[in-house]
Amino acid sequence: MLGHMKNAGPRVMLFRSLALMGLLVFACGGTPRAEPGGDWRDEYRRPQSIPYPASNPFTPEKADLGRTLFFDPGLSASNTVSCASCHKPEHGWSDGLVHSRGDGPTPMLFHSPTLLDIAWLDRLGWEGKFRDIEAVTFTPITSPAGMNMPEEKLLARLAADPAYVEMFARAFPGKPINRRAVELAIATFERSITSKTAPFDRWIAGDKSAMPEAAKRGFALFSGKAHCTECHSGWAFTDGSFHDIGVAKEAEAGRGQFFPNSLKLQHAFKTPTLRNDADRGPFMHDGSSATLAQVIEFYDKGGVDRPSRAEVIKPLGLNPSEKADLLAFLRALTDD
Ligand code: HEC
Ligand code: HEC
């Protein structure tokens, strides 16, 4: 049960850091530490480099080709929809719609997720149905609700375009223009889409004035009373795993469709990164929260109570100033 095993990691890490904090408190004669130190910093340290897989190592030629393909509406049947139509850089690589719209008359099933920091995700898609970034590519391209473009037609279009022929030749010398080349190039570009340093990172690194006081109080709530770090853990604020937080409708199995015998994966969807959340919205797999303030109201109430819902999700009893502090913290995760 992959979905379950993956839940263990971050929780163990959290307990370890809580235990260490306990030791520090003890060592300091019982005074709780107001500022982060040692182990805390390690847990939130941003990685130094992007993990390109051995099966698709970075080359500038592939990334350039991938960027061109990503922004090209010529990948859709109508010549009007590109990947960037639903993953807009200026909207936090999402699209601002409850359900994305592509080339077809019907909207997509889900709200479009951000592409920020996806290089670090093990499984892609709200339900985790894609095993890697490469594997996502042709689903939106060929889907009638997405770009509505048959694979053969796309490959023929690319092969007939001298500019593409040249770019493919540079990225994949001596190789044909085929489905795999398109996947490898677009995925290389996508892995380069990363969040940058935010006020929170500067505060974690020791700059005490980098975050307003409200955001510091918000972080204490986030990692304490509100239990948010149980799932939004580590520097990217996601455990990369799947949980029912009480958002999904009864008819939505989520990750549970692949694990019918796992109670906790019924109605479970992927924990999104919280980095740059203030740039996007609506939120959740179904776009059901319009603003971050609404997300906080949602968690304060605790969502639909059912057996699959994660134990930590329950009414929090936050007062208005605590809600404002949490919001200030979430805003401090946006890079500048
Ligand atoms: C019509 C809107 C639309 C278009 C066009 C579109 N996407 Fe998406 N994208 C979505 C939606 C909706 C999802 C969520 C799908 C799911 O979870 O099953 C998604 C999911 C993804 C994911 C998974 C992200 C994650 O965090 O798990 C990747 C990667 C992605 N798209 C890349 C692309 C690429 C590359 C293109 C162009 C070839 C593209 N998308 C075109 C709407 C779109
Ligand atoms: C049990 C795990 C869990 C806990 C605890 C948790 N979250 Fe989440 N969070 C998720 C999952 C899973 C989603 C996506 C749910 C969906 O779309 O159905 C989510 C979605 C979100 C989103 C929307 C992000 C986006 O880009 O769509 C925000 C913001 C958020 N959570 C903040 C918080 C805050 C603040 C707390 C603490 C009050 C918290 N979360 C506690 C798992 C969790």
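Residues numbered from 1 in each chain as written. Chains lettered and ligands numbered in written order. Predicted model: local features only at pLDDT ≥ 70, side-chain atom pairs only at ≥ 80, totals over all residues. Heavy atoms only, no water.

Student: Talk me through the site of ligand 2; I want residue IDs and the actual numbers.
Tutor: Near ligand 2 you find 26 residues, and of these C228, C231, H232, H285 and Y299 are the closest. Contact distances for ligand 2 include 2.9 Å between an oxygen atom and a backbone N or O atom of M284. Contributing elements (two or more residues each) for the shell around ligand 2: β2 (269–270) and α12 (292–301). Per-element tally for the shell around ligand 2: the top contributor is α12, with 3 residues. (Near = heavy atom within 4 Å. Polar contact = N/O pair within 3.5 Å; in protein donor to acceptor, adjacent residues only side chain to side chain. Helix = DSSP H or I, 4+ residues; strand = E, 2+ residues; numbered from the N terminus.)

Student: How would you explain the environment of F200 if you had to name every residue and give the values?
Tutor: In this structure, F200 sits in helix α10 (residues 199–204). Sequence spacing of F200 and Y44 is 156 residues, and the spatial spacing of their C-alpha atoms is 9.5 Å. If we ignore the near neighbours within four places in the chain, the residues touching F200 are Y44, M211, F219, F237, R275, F329, A332 and L333. (Contact = heavy atoms within 4.5 Å.)

Student: Give me the lowdown on the site of ligand 1, citing residues and values where you can.
Tutor: Taken together, 29 residues form the shell around ligand 1, and within it C83, C86, H87, G125 and K270 come nearest. Listed by contribution, the elements that provide at least two residues to the shell around ligand 1 are α4 (83–86), α6 (138–142) and α9 (179–191). Its residues placed into classes, the shell around ligand 1 shows 16 nonpolar, 9 polar and 4 charged. (Nonpolar A, V, L, I, M, F, W, Y, C, P; charged D, E, K, R; others polar.)

Student: Just give me the short version of the pattern of salt bridges, but keep the residues and values in it.
Tutor: Taken as a whole and assessed by the stated rule, the structure comprises 21 salt bridges. In this structure, D42 and R45 form a salt bridge, with 3.4 Å as the shortest nitrogen-oxygen distance. The salt bridge partner of D305 is R309, with a shortest N-O separation of 3.5 Å. Taken together, the shared-partner salt bridges in this structure form one network comprising E151, R179, R180 and E183. (Salt bridge = Lys/Arg side-chain N within 4 Å of Asp/Glu carboxyl O.)

Student: Describe the coordination of the iron atom of ligand 2, with residues and values.
Tutor: Perfect tetrahedral coordination of a metal by four donors corresponds to 109.5 degrees between them, and perfect octahedral coordination by six donors corresponds to 90 or 180 degrees. Those donors, H232 (NE2) and Y299 (OH), are the protein atoms that reach the iron atom of ligand 2, and they lie 1.9 to 2.0 Å from it. Geometry at the iron atom of ligand 2 is octahedral, judged from its 6 donor atoms and the angles of 86 to 179° they form at the metal. Of this pair, H232 sits in the loop between α11 (213–222) and β1 (242–243) while Y299 sits in helix α12, and the two are 67 residues apart along the sequence. (Donors = N, O, S within 2.8 Å, 3.2 Å for Na, K, Ca; no water. Tetrahedral: all angles 85-135°; square planar, octahedral: opposite > 155°, others 65-115°.)

Student: Requested: an account of unusual backbone geometry, with residues and values cited.
Tutor: Across the junction of G281 and P282, the peptide omega takes the value 10°, indicating a cis bond. Position of P282 relative to the elements: it lies in the loop between β2 and α12. Unusually for a residue other than glycine, D117 sits at a positive phi of about 60°. In this fold, D117 is placed in the loop between α4 and α5 (133–136). A positive phi angle is found at N276, which is not glycine, with a value near 60°. Secondary-structure assignment places N276 in the loop between β2 and α12. With relative accessibility at 6%, the residue N276 sits in the buried group. (Buried < 20%, exposed > 50% of the residue type's maximum accessible area, 1.4 Å probe, protein only.)

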